[in-house]
Amino acid sequence: VRAAVFASGTGSNFQAIIEARDLACEIVLLICDKQNAFVIEIAEKYQIPTFVFNAKEFASKQAYEAKIVDELRKKEVSWIFLAGYMRIVGSTLLQAFPGKIVNIHPSLLPDFPGKDAIGQAYQAGVNTTGVTVHYIDEGIDTGPIIAQELVVVFSEDTEETLKMKIQEVEHQLYPSVINQLLQTK
Ligand code: GRF
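Definitions and cut-offs
- Residues numbered from 1 in each chain as written.
- Predicted model: local features only at pLDDT ≥ 70, side-chain atom pairs only at ≥ 80, totals over all residues.
- Helix = DSSP H or I, 4+ residues; strand = E, 2+ residues; numbered from the N terminus.
- Rg over C-alpha atoms; globule rule 2.2 N^0.38 Å.
- Buried ≥ 20, exposed ≤ 12 C-beta atoms within 10 Å, placed from the backbone.
- Near = placed C-beta within 6 Å.
- Nonpolar A, V, L, I, M, F, W, Y, C, P; charged D, E, K, R; others polar.
- Pairing = 2+ DSSP bridges.
- Axes fitted to C-alpha atoms, helices over the stretch in contact; angles between N-to-C directions.
- Contact = placed C-beta atoms within 7 Å.
- Parallel < 35°, antiparallel > 145°, perpendicular 65-115°, else oblique.
- Left-handed = near helix turned anticlockwise from the far one by under 90°.

A. The arrangement of the overall build of the protein chain in detail. A count of helical and extended segments in the protein chain gives 6 helices and 7 strands. Secondary structure elements in the protein chain, listed N-terminal to C-terminal, are β-α-β-α-β-α-β-α-β-α-β-β-α. In terms of overall dimensions, the protein chain is globule-like: its C-alpha atoms have a radius of gyration of 16 Å, near the 16 Å expected for 185 residues. Its C-alpha atoms put the protein chain at 50 × 40 × 30 Å along the principal axes.

B. Quick look at unusual backbone geometry. Cis rather than trans, the peptide bond between Leu-109 and Pro-110 has omega equal to 10°. By secondary structure assignment, the location of Pro-110 is in the loop between β5 (101-105) and α5 (117-124). Although it is not a glycine, Glu-76 sits at a positive phi angle of roughly 55°. In this fold, Glu-76 is placed in the loop between α3 (61-74) and β4 (79-82). In this structure, Asp-141 is a non-glycine residue whose phi angle is positive, near 60°. Relative to the helices and strands, Asp-141 is located in the loop between β6 (128-135) and β7 (145-152). Taking the C-beta count within 10 Å as the criterion, Asp-141 has 20 such neighbours and is therefore assigned buried.

C. Highlighting the site of the ligand. Neighbouring the ligand are 13 residues; Gly-9, Thr-10, Ser-12, Asn-13 and Gly-84 lie closest to it. Residue contributions to the shell around the ligand peak at 3 residues, all from helix α1 (residues 12-19). Partitioned by chemical class, the residues of the shell around the ligand number 5 nonpolar, 7 polar and 1 charged.

D. Structural view of the sheet that holds β4. Spatially, 7 strands are ordered β3-β2-β1-β4-β5-β6-β7 in an open sheet, and the strand pairing comes out mixed. The open sheet has two edge strands with one neighbour each: β3 (50-52) and β7. Along the sheet, successive strands turn relative to each other by an average axial angle of 20°, direction set aside. Packed onto the sheet, helix α2 (residues 38-45) meets β2 (26-32) and β3 and runs at close to 150° relative to β2.

E. Geometry of the packing of α1 against helix α6 (residues 159-184). Running from amino to carboxyl end, α1 crosses α6 at an angle of 45°, the nearest separation of the two axes being 9 Å. Looking at the two axes, α1 sits oblique to α6. Our pair here, α1 against α6, has a crossing hand that is right-handed. Along its contact with α1, which presents Ser-12, Asn-13, Ala-16 and Ile-17, the element α6 presents Gln-167, Glu-170, His-171, Tyr-174, Pro-175 and Ile-178. Broken down by class, the residue content of the contact of α1 with α6 amounts to 5 nonpolar, 4 polar and 1 charged.

Here it is, written out as structure tokens:
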């Protein structure tokens, strides 16, 4: 199975996926919308081809997504894993890869969708938060949930320690859910 990761930022989840032992797919492409994102350096280190685009150079979301679909087809990609891709996926990509686009989000959805979910949960003072892996639909963090894992917030946690605990869970959960998905399809 050939898969692509979409990421805009640091790429710690991208790195966890490509370093995972016995991953049930090959990551053949990184799609990134930020020219200087650190995730590009990780891809270079692991010699994974990248397609970096600037959305402003395209007339519309449909136009840049059509170009992304071309790149994915060229690499014979069948699954897409979003890992900190900071754009809403549109109909062009959704229709080209129905039921094959998955995202990871650092909260227990439907709680705290959107940006800075960890900060939102911390500010709200919840006792438990966590991580969600879900299919993508046209909403923001609204698609069907595949897996969730809890993270307990202790009174001594700061936003920083909570972030570290959530990331640790993400880095284990995402590769394992990917393997479950690919083994049952
Ligand atoms: C992760 O917390 C992920 O859940 C969210 O964006 C963050 C990406 O972090 N969608 P990184 O770039 O993988 O370190």
